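The primary structure of each chain is shown beneath.
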Amino acid sequence: MLTPRYVFAHIVFTLSGIAGTQSRREPFSPAVSCGGEGADRRMRGRFTWMSFALEQNVGRSHLSRIRPPHPPSAPSPPAKNRGGRRALDETEWKDVQADGEECGLNLKHHRTPSLRLLSCGFAAFLLLLTASVAIAQTVRLAPADPVADRLVAEGLRSAPEVVEARAAIEAAQRRIEPARTLPDPSASFVYQNDGRSISLGNAEGSFIGLMLSQPLPWPGKLALAGKAIASEAREIEVGTLNRTGLTIEARIRNAWYDLVLARALDRLIEERRTTAQQIESTARDRYVAGLAVQQDVLRAQIELARIDELKATQRAVIAGRLAEINGLLGRPQDAPLDSPGELPFVVPIPAAADVVSSAIARSPEAAAVRQGIETGRLRVELARKNFLPDFVVSGGSMYRGNFAMGPMWQVGVGVSLPVWANKRQQNQLAEMQARVAGQTSETDVIRRDLEQRTRERLAQLEAANDVALLYRDKISPLDQLSYESALSSYQNGKVPFITVFDAVNALYSDRASYLGRLAEAAKWRVAIDEASLQTTSMGSAPSIPSGGGAAASAMSSRAPAPASSKTSMR
């Protein structure tokens, strides 16, 4: 990751190199090429290119990748410039130009440093600094898993919750154009009579007419209303839609880790079956030799039967996890999912401050409140314009029949009078200002609560990692030694048969707990990335019970899953 210290160091050294080269007007002696891959390849290439002067004046930059030297068959040794450094021949300069074009730079006319190149350098460094800040704000802890990523992408395409959120956005966007459109005009049909009998065409004051009127809000009101509605639609997009996406992603990833854990425990049960068969064989051999009682053999066979019970229960758990994933993806719930997967190992955790900043930057609730403040600001401006009057223009034509004077016509302009501004418009403005003040304070509340939740999850993640390492490095190796010692002692007749079963039960129970801790840590990382404001709780770690019957049926291979009242991960 690019850090501010990293960026600052290269700004200082590169600018000093460019300045020194510019003052001497010496040709470059670069030997670099574009670095980086993916979306940041061009940016890294520009950054590397700007370190040419550093390479010329203070040595080769550690960002530069040295080009392979030209073959020894070159016609003559290269000349050297005033600084004692080799100048570039035409072949080398073409290579440098090719590297520059690969990095997005046209250097055909820039063989020496110039003000234009220096300006490009400043721009490149500003872009790099912005990129480093953006990277620091988007720390993601979810384990890299191609299968889970593919399932998440599929779920986000087909999930009905996403379709619902997009429909809400479209509905909000459909209100933008009506908000900035003039009110509908009105038409009225009138007839005026003079006297008791019908006088149309006989009396000057009699007519039949059609009147049209069009309200005209004060200039700027409609534009502000449209902007406010557009901002509300943006609130839904950055809030509801993004929260829906994060929730669905968390649910799918957690369901995937549930399935991976269930399959890992299934394999662990098979390993325990192999161990139980070896113990049963040892007990039978000792019984045949008269060194053990028949009860030992029967106990070993009962243990094998109970493993079959665990196996059947675990198959049901795996089927349930498959149905859950298929349901989240919108597939038939009996569709197979044969993609292999392993529980992610313990990895170092980034600095808490970086994780908290990333969670706040990712939070849809925080983004929605920020957008809500912008909406409130527009509403305040609109409320201020409501103190200004609106207009109505009207016109019409009146037909007077066969009267000699001919038809009449009329035009007019009306204006609204905000005489009740102290009771209506003033309170509307105060309401909008209060809403903005409340949303501003809500931003601080969200930051505080999200930081608290994130730090709680980080503490739980660190605890899960520590416990997983404890199981991996200490408890499981000691369990293995205890089992081997107990089995050896039983073969020599030094301990009873029950000691072997106690040791093997502890071995596989702790191994199951280790797998559960790995799944728990992965889910805490997913919960941190989800950036939910709700509290996160975990279930108990899975284990393989030593007894049959109720103990076996109570076994759960589901890893501890974060659960919240707002977004369920089940």
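Everything here concerns the structure above.
None of these values were measured; they are calculated from a predicted model.

S.K.: Would you mind going over the sheet that holds strand E1 (residues 186-192) in detail, with residue names and values included?
M.R.: The strand order E1-E2-E3-E4 describes an open sheet built from four strands, whose pairing is antiparallel. Single-partner strands in this sheet number two, and they are E1 and strand E4 (408-415). In this sheet, adjacent strand axes meet at a mean angle of 20 degrees when their direction is disregarded.

S.K.: Mind laying out empty space enclosed by the protein, listing which residues take part and the relevant values?
M.R.: By the definition in use, this model includes four cavities of 30 Å³ or more. Of the pockets and cavities examined, the largest cavity occupies roughly 50 Å³. Every residue along the wall of the largest cavity is listed here: Arg140, Ala142, Leu246, Glu249, Ala250, Arg253, Val526, Asp529 and Glu530. The set of elements that each furnish at least two residues to the lining of the largest cavity consists of helix H9 (221-288) and helix H14 (497-530).

S.K.: Break down the packing of helix H11 (residues 352-362) against helix H13 (residues 425-491) for me, citing the residues and quoting the values.
M.R.: At their nearest, the axes of H11 and H13 sit 9 Å apart, and the two run at 130 degrees to each other. Considered as vectors, H11 and H13 are oriented oblique to each other. As for the relative orientation of H11 and H13, their crossing is right-handed in sense. Contacts between H11 and H13 involve Ala352, Val355, Val356, Ala359 and Ile360 from the first element and Arg447, Leu450, Glu451, Thr454, Arg455 and Leu458 from the second.

S.K.: Requested: an account of the environment of threonine 313, with residues and values cited.
M.R.: Along the chain, threonine 313 turns up in helix H10 (residues 294-329). Distance from threonine 313 to aspartate 266, taken between C-alpha atoms, is 9.6 Å for residues 47 residues apart in sequence.

S.K.: I'd like a rundown of unusual backbone geometry, residues and numbers included.
M.R.: Non-glycine residue alanine 531 carries a positive phi angle of around 55 degrees. If you trace the backbone, alanine 531 turns up in the loop between H14 and helix H15 (550-553). Residue alanine 531 is classed as buried on the basis of its relative accessible area of 0%.

S.K.: Give me the lowdown on the environment of tryptophan 409, citing residues and values where you can.
M.R.: Mapped onto the elements of the fold, tryptophan 409 is located in strand E4. Distance from tryptophan 409 to serine 397, taken between C-alpha atoms, is 4.2 Å for residues 12 residues apart in sequence. With near-sequence residues (within four places) excluded, tryptophan 409 lies in contact with Gly396, Ser397 and Met398.

S.K.: So, the nonpolar core: which residues are in play, and what are the values?
M.R.: Within the largest apolar cluster, 55 residues are counted, with the highest numbers of intra-cluster contacts made by Leu151, Trp256, Ile325, Tyr483 and Leu515. Looking at this core, the elements that each hand over two or more residues are helix H6 (146-158), helix H7 (160-173), H9, H10, H13 and H14. No other element matches the 16 residues that H9 contributes to this core. Among all residues touching tryptophan 256, those that are not within four sequence positions of it are Asp145, Val147, Ala148, Leu151, Ile325, Leu337, Ser339, Pro340 and Gly341. Leu141, Leu461, Ala464 and Ala527 belong to the second-largest nonpolar core, a separate cluster that totals 10 residues.

S.K.: Talk me through the pattern of salt bridges; I want residue IDs and the actual numbers.
M.R.: Using the criterion set out here, one finds 31 salt bridges in the structure. A salt bridge links arginine 253 to aspartate 149; the shortest N-O distance between them is 2.7 Å. Pair noted here: arginine 253 is in helix H9 and aspartate 149 is in helix H6, with a separation of 104 residues, a long-range link. Looking at aspartate 149, the relative accessible area reads 36%, which means it is partly exposed. Its salt-bridge partner being glutamate 237, residue arginine 234 comes within 3.3 Å of it at the nearest N-O pair. With a gap of three residues between them, arginine 234 and glutamate 237 both fall in helix H9, about one helical turn apart. Note on glutamate 237: relative accessible area 29%, which makes it partly exposed.

The rules we used
- Residues numbered from 1 in each chain as written.
- Predicted model: local features only at pLDDT ≥ 70, side-chain atom pairs only at ≥ 80, totals over all residues.
- Heavy atoms only, no water.
- Pairing = 2+ DSSP bridges.
- Helix = DSSP H or I, 4+ residues; strand = E, 2+ residues; numbered from the N terminus.
- Axes fitted to C-alpha atoms, helices over the stretch in contact; angles between N-to-C directions.
- 1 Å grid on protein atoms, 1.4 Å probe; cavity = no way out; pocket = protein on both sides within 12 Å on 5 of 7 lines; lining within 4 Å.
- Points joined across faces, edges and corners; volume = space filled by probe spheres on them.
- Parallel < 35°, antiparallel > 145°, perpendicular 65-115°, else oblique.
- Left-handed = near helix turned anticlockwise from the far one by under 90°.
- Contact = heavy atoms within 4.5 Å.
- Buried < 20%, exposed > 50% of the residue type's maximum accessible area, 1.4 Å probe, protein only.
- Core = buried A, V, L, I, M, F, W, Y, C linked by side-chain atoms within 4.5 Å.
- Salt bridge = Lys/Arg side-chain N within 4 Å of Asp/Glu carboxyl O.

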